[in-house]
Amino acid sequence: MKTTTLPDAQALYAALLDGVKGLLRPATRLVGITSGGAWLAERLQRDLGLPGEAGVVSSAMHRDDFARRGMAASAQTVLPFEVEGADVLLLDDVLYTGRTIRAVLNELFDFGRPACVRLAVLVDRGGRELPVAADFAAAHLALPETQLLALARGDDGSLRFTLEDQR
């Protein structure tokens, strides 16, 4: 596992925090995609001093590879606000093919029709298979298809990236 060339997740979080400030509207609700995006949403909710709790959305039930992957062991969708007419800012750690975002949008719309959905990510690694783009990405990073970039969270809440070879 190569860690020397990985981006500094803590530094990228600081950039994400600044970028998200520019996307916030008075009624914006933060929703993190399990699990890395949920960690980001939770931390941003606190660091931005936003009232209430951030939402969590799972892609598990709407994935196009559900038959192969089954139910993920990650958290389930919890949206502590009315989705109908909401201004939603989705947060994720790594944007890659766009398939997770498609699944998450389907899940979100199961709860109502938001007025607006925008996307902010720590890393956009390219490789899109669907027409999905982030409104804000703290970094852009090209990686081979055989590598998986994932966000990890320490017991103290610190963030770091891991890189796994998928061969």
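Rules used throughout
- Residues numbered from 1 in each chain as written.
- Predicted model: local features only at pLDDT ≥ 70, side-chain atom pairs only at ≥ 80, totals over all residues.
- Heavy atoms only, no water.
- Axes fitted to C-alpha atoms, helices over the stretch in contact; angles between N-to-C directions.
- Helix = DSSP H or I, 4+ residues; strand = E, 2+ residues; numbered from the N terminus.
- Parallel < 35°, antiparallel > 145°, perpendicular 65-115°, else oblique.
- Left-handed = near helix turned anticlockwise from the far one by under 90°.
- Contact = heavy atoms within 4.5 Å.
- Nonpolar A, V, L, I, M, F, W, Y, C, P; charged D, E, K, R; others polar.
- Core = buried A, V, L, I, M, F, W, Y, C linked by side-chain atoms within 4.5 Å.
- Buried < 20%, exposed > 50% of the residue type's maximum accessible area, 1.4 Å probe, protein only.
- Phe/Tyr/Trp six-rings, centres within 6.5 Å; stacked < 30°, edge-to-face > 60°.
- Lys NZ or Arg CZ within 6 Å of the ring centre and 35° of its normal.

Chemist: It is not clear to me how the packing of helix H1 (residues 9-23) against helix H2 (residues 36-47) should be interpreted in this structure. Could you clarify?
Modeler: Helices that pack against each other are described as a pair by the angle of their axes relative to one another and the distance between those axes. It is at 11 Å that the axes of H1 and H2 come closest, and there the two elements cross at 60°. Between H1 and H2, the interaxial angle falls into the category oblique. Like other packed secondary-structure pairs, H1 and H2 cross with a definite hand, here right-handed. The segment H1 lies against H2, with Gln10, Tyr13, Leu16, Leu17 and Val20 engaging Leu40, Arg43, Leu44 and Asp47. In terms of residue class, the contact of H1 with H2 is built from six nonpolar, one polar and two charged.

Chemist: How should I be thinking about the environment of Arg102 in this particular structure?
Modeler: You can see Arg102 is positioned in helix H4 (residues 99-110). In this structure, the C-alpha to C-alpha distance between Arg102 and Ala41, residues 61 residues apart in sequence, is 19 Å.

Chemist: Looking at this structure, how should I read the nonpolar core?
Modeler: Side chains of a nonpolar character, in soluble globular proteins, are inclined to be buried together. Grouped together as the largest cluster of nonpolar side chains are 28 residues, with contacts concentrated most on Leu16, Leu44, Leu122 and Phe161. Elements represented by at least two residues in this core include exactly H1, H2, strand E3 (87-95), strand E4 (116-124), strand E5 (136-140), strand E6 (147-153) and strand E7 (159-165). Per-element accounting of this core gives the leading share, seven residues, to H1. Ignoring sequence-local partners within four residues, the contact set of Leu122 consists of Leu12, Tyr13, Leu16, Leu40, Asp92, Asp93, Ala137, Ala138, Ala139, Leu151 and Phe161. With 17 residues, the next largest nonpolar core counts Val104, Leu119, Val121 and Val132 among its residues.

Chemist: Is there a simple way to think about the packing of aromatic side chains in this case?
Modeler: Two aromatic rings are characterised by how far apart their centres lie and by the angle between their planes. One pass over the structure, following the stated rule, counts zero aromatic pairs. A cation over a ring is seen here: Arg43 above Tyr13, with NZ or CZ 4.1 Å from the ring centre. Geometry around Tyr96 places Arg125 over its ring, the cationic atom sitting 3.8 Å from the centre.

Just geometry here; none of it tells us what the structure is for.
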